[in-house]
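# Descriptive analysis of the structure
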Amino acid sequence: MNSSRDGTARRSTRCNSIALLVCIWLWVLPAGAQPAQSGIATAHPLATRAGEEILAAGGNAFDAAVAISAALAVVEPYASGLGGGGFWLLHEAGSGRQVLIDGREVAPAAATRDMYLDAQGQPQATLSTSGPLAAAIPGEPAALAHIAKHYGRLPLATSLAPAIRYAEQGIEASRGIGMGLTFRAEAARNSPAFSAIYLPGGKPVQAGTTLRFRDLARTLRKLAAEGHDGFYRGSVARQLVAGVQAAGGIWTRDDLAAYKVVEREPIRVQYRDATLVMAPPPSSGGVVIGDALNILRAWDLGRLQSVERKHLTVEALRRAYRDRAMYLGDPAFVPMPIERLLNPWYADGQRTSIRLDRATPSDALPGIEPAVSGGTNTTHFSVLDKAGNRVAGTLSINTWFGAVFIPPGTGVILNNEMDDFSIKSGTPNSFELLGAEANAIAPGKRMLSSMSPTFIESPRGVAILGTPGGSRIISMVLLSALAWMDGGDAQEMVSLKRFHHQYYPDVVVYEEGALTAGEKAGLEARGHKLEPSPRSFGNMQVITWDRATGKVDAASDPRGGGEVTVY
Ligand code: GLY
């Protein structure tokens, strides 16, 4: 296990004895080992085409990532966009360097710890989910400019060109847009600029309608022409702030001018012969997945009955999500015991309370007081070029259509990521996630995220994966990582039926088909409370590369309308 955050490590350099051979093997990989093909997997065919177009124009995986991210802002506007943020996990083939580009949103300077509480100290949920007060300062435009400048081969303007074309020429409204509007149409009525596009004549647009985004195209053109400052200073910044303030929001131009991308050292965790490379805080993904894998590593899961394996996975998730709620937040604001949480000895301690025959009630674990609240939208893409450069990108505006608010003239749908803060300690957010002091609101602070872009590297090869799904992202990535490490392929990873536990609420949520009748009986006999999910969840995008053959494989979640290309 290695969880270096000092900015200097290139690959896992502090290996424990179990992992030593694997580390040596990874170091002595033949220099020429590289994929025979490129691969792209995204949640929308036009985003995949945008990536393809940029690779064909001589771009690398990083240029393609910029093109895909910007295209997703146009074609999947309910999930991510210029008004939101994300994490882009990069691997540079030539140097072996790996870095997480943190384009997470930050709280504006006027944000206060209790800004969403009423006079009685109760959370006012709509304020943190709809309208400009729910929006944090966006990070995606800065991240795209940063990736193009420092990692790409092509000018930013070239990589943004497909998105600009889509916005100007128009796209067909997807089923996702229609579905998102069924959830958010009411809140949208408060934003005339949003309603003008998505609720023409007061009615939600139907799937198949052509949508044009002239204001968004203009904003994208400013970003293309002027880079970072094209969004964070000048006319776009003025329009953003004017629109936010006119509708009761608290952004200032200084907030926008102060936004900075952060480069972070990924978290690396060794599991059997594989190294998982994952997002560090302010993403909770790497820590929670690492914590859970460290707990699970003591069992030979393949030799257990399936019900035991699922029981143990739930118990590991319960404990790892508890740690998320207790300890994690923005590293610039809170000291976090990351080394301890990812130390195998810590997992040894956590394991002592796990019994094979009985579930541990979450409230039997030392923790924070539970209380109750419900959402999900985000997107993920994976890309690999023939040189071996790769990106796992997970981007979000938080729930469907974010804050459902567009500052007039910008075309930019603002996020509602402020709701990912712990609005009140011990009170769950839209994803029913509990949070504590570590994730309390503060000016300039990044809110804790579940987005988990991940690489898995082993002698077998490499997997690039991630998914949307709010708090369930972490368990989905864990289940698919276990599937790949057990020999599964990309299609199996995206298709497998999912179950989830997040410490609180103390229930195992599962998709239809995820648990057999026998497994349900076995889990209930152990004391687990089971809750069928009314709908499937996740929209995973995976690329794998087989080191021995060079063969690249890609798969897009059958639950979504994504598309892959390998060529
Ligand atoms: N907004 C979802 C997440 O960052 O986890």
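Presented here is an overview of the structure given in this document.

Reading guide: rules and limits
- Residues numbered from 1 in each chain as written.
- Predicted model: local features only at pLDDT ≥ 70, side-chain atom pairs only at ≥ 80, totals over all residues.
- Heavy atoms only, no water.
- Near = heavy atom within 4 Å.
- Polar contact = N/O pair within 3.5 Å; in protein donor to acceptor, adjacent residues only side chain to side chain.
- Nonpolar A, V, L, I, M, F, W, Y, C, P; charged D, E, K, R; others polar.
- 1 Å grid on protein atoms, 1.4 Å probe; cavity = no way out; pocket = protein on both sides within 12 Å on 5 of 7 lines; lining within 4 Å.
- Points joined across faces, edges and corners; volume = space filled by probe spheres on them.
- Pairing = 2+ DSSP bridges.
- Helix = DSSP H or I, 4+ residues; strand = E, 2+ residues; numbered from the N terminus.
- Axes fitted to C-alpha atoms, helices over the stretch in contact; angles between N-to-C directions.
- Contact = heavy atoms within 4.5 Å.
- Core = buried A, V, L, I, M, F, W, Y, C linked by side-chain atoms within 4.5 Å.
- Buried < 20%, exposed > 50% of the residue type's maximum accessible area, 1.4 Å probe, protein only.
- Salt bridge = Lys/Arg side-chain N within 4 Å of Asp/Glu carboxyl O.
- Parallel < 35°, antiparallel > 145°, perpendicular 65-115°, else oblique.
- Left-handed = near helix turned anticlockwise from the far one by under 90°.
- Expected span 1.5 Å × (residues − 1).
- Arc of directions from axis to C-beta.

The next subject is the site of the ligand. Around the ligand, the structure places Arg-104, Ser-396, Asn-398, Glu-417, Asp-420, Ser-449, Ser-450 and Met-451. A distance of 2.7 Å is found between an oxygen atom of the ligand and a backbone nitrogen or oxygen belonging to Ser-450. Grouping the constituent residues of the shell around the ligand by class yields one nonpolar, four polar and three charged.

This part takes up empty space enclosed by the protein. For the second largest cavity, the calculated volume is near 90 Å³. What lines the second largest cavity is a set of 14 residues, among which Ala-73, Leu-216, Gly-411, Val-412 and Ile-413 lie closest to the centre. Of the residues in the lining of the second largest cavity, the class split is 10 nonpolar, four polar and no charged.

We now examine the sheet that holds strand β9 (residues 379–384). With antiparallel pairing, seven strands are arranged side by side in an open sheet as β6-β3-β2-β10-β9-β1-β18. Of all the strands in the sheet, just β6 (262–264) and β18 (563–566) have a single pairing partner and so form its edges. Looking at each pair of strands side by side, their axes are set apart by 10° on average, direction ignored. Contacts from helix α3 (residues 61–75) reach β1 (39–42), β2 (85–91), β9 and β10 (390–396) within the one sheet, and its direction differs from that of β9 by about 155°.

Another aspect to go through is the nonpolar core. One finds Val-74, Trp-88, Ile-177 and Tyr-198 to be the most contacted residues of the largest nonpolar core, which totals 85 residues. Considering every element that reaches this core, the biggest residue donor is α3, with 12 residues. The contacts of Ile-177, once residues within four sequence positions are left out, are Pro-77, Tyr-78, Ile-171, Tyr-198, Val-205, Leu-211 and Phe-401.

What follows covers the pattern of salt bridges. In this structure the tally under the stated criterion is 29 salt bridges. Measuring nitrogen to oxygen at the nearest pair gives 2.9 Å for the salt bridge that ties Arg-318 to Glu-315. One end of the pair is Arg-318 and the other is Glu-315, both in helix α14 (residues 306–327) and three residues apart, which spans about a single turn. Since its relative accessible area comes to 1%, Arg-318 is described here as buried. Using a relative accessible area of 0% as the deciding quantity, one classes Glu-315 as buried. Residues participating in the shared-partner salt-bridge network are Arg-104, Glu-105, Glu-417 and Asp-420.

Attention shifts here to the packing of α14 against helix α19 (residues 517–525). Look at α14 against α19: their axes get within 9 Å of each other, and the N-to-C directions meet at 50°. Considering the angle they form, α14 stands oblique to α19. Considering the relative orientation of α14 and α19, their crossing is right-handed. Note on element contacts: α19 touches α14 through Glu-519, Gly-522 and Leu-523, opposite Ser-306, Val-307, Lys-310 and His-311. In terms of residue class, the contact of α14 with α19 is made up of two nonpolar, three polar and two charged.

So, on to the side chain of Thr-379. Looking at the secondary structure, you find Thr-379 in strand β9. Residue class for Thr-379 comes out buried when judged on its relative accessible area of 0%. Within polar-contact distance, the side chain of Thr-379 engages the side chain of Glu-76 at 2.7 Å. When neighbours within four sequence positions are excluded, Thr-379 is seen to be in contact with Ala-43, Leu-72, Glu-76, Ala-79, Ser-80, Gly-393, Thr-394, Leu-395 and Pro-468.

Of all five residues in strand β12 (residues 461–465), five are buried; the element is thus mostly enclosed. Side-chain alternation along β12 places Gly-461, Ala-463 and Leu-465 on one buried face and Val-462 and Ile-464 on a second face that is also buried. Across five bridges, strand β11 (residues 454–458) lies against β12 in antiparallel orientation. When the sheet's bridge partners are listed, Ser-458 is paired in β12 with Gly-461. Linking two consecutive strands that pair antiparallel, namely β11 and β12, is a turn of two residues.

Within the secondary structure, Thr-410 sits in the loop between β10 and β11. Excluding residues within four positions of it along the chain, Thr-410 makes contact with Asp-215, Leu-216, Thr-219, Val-236, Gln-239 and Leu-240.

At their nearest, the axes of helix α13 (residues 285–296) and helix α16 (residues 344–351) sit 8 Å apart, and the two run at 65° to each other. The angle between α13 and α16 falls in the class roughly perpendicular. The chirality of how α13 crosses α16 is right-handed. Seen from α13, the contacting residues are Asp-291, Asn-294 and Ile-295; seen from α16, they are Tyr-346, Ala-347, Gln-350 and Arg-351. Of the residues in the contact of α13 with α16, the class split is three nonpolar, two polar and two charged.

Its 12 residues place the ends of helix α2 (residues 45–56) 16 Å apart at the C-alpha level, agreeing with the 16 Å of an ideal helix rising 1.5 Å per residue. Those residues of α2 lying buried are Ala-47, Thr-48, Ala-50, Gly-51, Ile-54 and Leu-55. All buried residues of α2 lie within an arc of 155° about the axis, which places them on one face of the element. Residues of α2 that are buried make contact with β1, α3, α6 (156–169) and β18. Once α2 ends, the next one or two residues include Gly-58, with phi positive near 100°.

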